[in-house]
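Chain and residue survey
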Amino acid sequence: MSCTQTILDYGLRAIGYGERLLPRSDFTLCQQFTLIGSGMIWNIYFGLFALMFGFCFAVALAMGKDSPRALLRKPSEWFIFVFRGSPLFIQFFFGYFVFLSLKPIHPMFESLSAAWLGALIVLFCNTSAYSAEIFYGALKSIPKGDTEAADAYGMSGWPRFKRIVFPTMLRLAWPAYTNEAIFLFHSTTLIFFTGFPARQQRGDALYYASYFADKTFNPFVPYPILAMYFILVTLLIIGVFGIANKRLNRHLPSQARPKLRLRPQIIR
């Protein structure tokens, strides 16, 4: 079988298109690159949607934590504390147990036990909590001169938040938020080890890498391929977030613009 045919057969297998059966013998590099790359579709799906929805919720949580009203502040503080204070791996297992408990109550909860929705919700909650703490710290770091100038111009409420508070908060939080985005995409590999099942062998990238490692008894081929894919995703995130960072700081002199640095995040 040629590599082109392999790509056509297995390129979209992770989402249900193409050859149903996995290769059983005579594994080639093309098969490993193709199937692990196919599994990356799920990792990108989890990371992308958790990041998009988590960003909006994180801003709301940060504003709630900064609110003088206890009715808004306390729930935000506890949500952030719980999801930042517990390991993500445990959150996956606890979330799966909760979703299974809800499943007999009503058919609408049945999808929650599937990885495409249940695991996504857990990732969404986790990244929202971490991002909210980043945004909250940025809110507290906004120079008083900026808000005082807004008050002097008569800005209040939504115009003040939209034109002064929110852009400044993003500009200050963006480098740290970039690290959170990278960590989120790396965290999608944990879904393979949790209770959320990979139905019909349509798993993520780590699922296929582990499959080849078990079948060939050689982990030194599929796992470096998996690492290479995640490095490419990381470089893509840094590039996209770097463009956004320039956009957020376009009003500053070039010497004063903060630059994103490519540094390995060993300890979170």
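Let's shift gears to the pattern of salt bridges. If you walk through the whole model with that rule in mind, you get five salt bridges. The salt bridge partner of Lys140 is Asp66, with a shortest N-O separation of 2.9 Å. Separated by 74 residues along the polypeptide, Lys140 in helix H5 (residues 115–140) and Asp66 in the loop between helix H2 (29–65) and helix H3 (70–85) bring together distant segments of the chain. Close ionic contact of Glu77 with Lys74 constitutes a salt bridge, the shortest N to O distance being 3.7 Å. Remark: Lys74 and Glu77 occur in helix H3; sequence separation between them is three residues, near one turn of the helix. Taking the relative accessible area as the measure of exposure, Glu77 reaches 26% and is therefore partly exposed. The partly exposed category is assigned to Lys74, whose relative accessible area is 41%. Counted as one network, the salt bridges with shared partners bring together Arg73, Lys74 and Glu77.

Our next topic: the packing of helix H1 (residues 3–10) against H2. Relative orientation of the contacting elements H1 and H2 amounts to 25°, with a least axis distance of 9 Å. Regarding the angle of H1 to H2, the classification is roughly parallel. Between H1 and H2 lies a crossing whose hand is right-handed. Only Cys30, Gln31, Thr34, Leu35 and Ser38 of H2 make contact with H1, whose side of the interface consists of Cys3, Thr6, Ile7 and Tyr10. A per-class count over the contact of H1 with H2 returns five nonpolar, four polar and no charged.

Its identity as a non-glycine residue notwithstanding, Asp26 has a phi of 50°, on the positive side. Relative to the elements of secondary structure, Asp26 occurs in the loop between H1 and H2. Owing to a relative accessible area of 68%, Asp26 belongs among the exposed residues under this scheme. Although it is not a glycine, Phe217 sits at a positive phi angle of roughly 55°. Locating Phe217 in the fold gives a position in the loop between helix H8 (205–216) and helix H9 (222–248).

What counts and how
- Residues numbered from 1 in each chain as written.
- Predicted model: local features only at pLDDT ≥ 70, side-chain atom pairs only at ≥ 80, totals over all residues.
- Heavy atoms only, no water.
- Salt bridge = Lys/Arg side-chain N within 4 Å of Asp/Glu carboxyl O.
- Helix = DSSP H or I, 4+ residues; strand = E, 2+ residues; numbered from the N terminus.
- Buried < 20%, exposed > 50% of the residue type's maximum accessible area, 1.4 Å probe, protein only.
- Axes fitted to C-alpha atoms, helices over the stretch in contact; angles between N-to-C directions.
- Parallel < 35°, antiparallel > 145°, perpendicular 65-115°, else oblique.
- Left-handed = near helix turned anticlockwise from the far one by under 90°.
- Contact = heavy atoms within 4.5 Å.
- Nonpolar A, V, L, I, M, F, W, Y, C, P; charged D, E, K, R; others polar.

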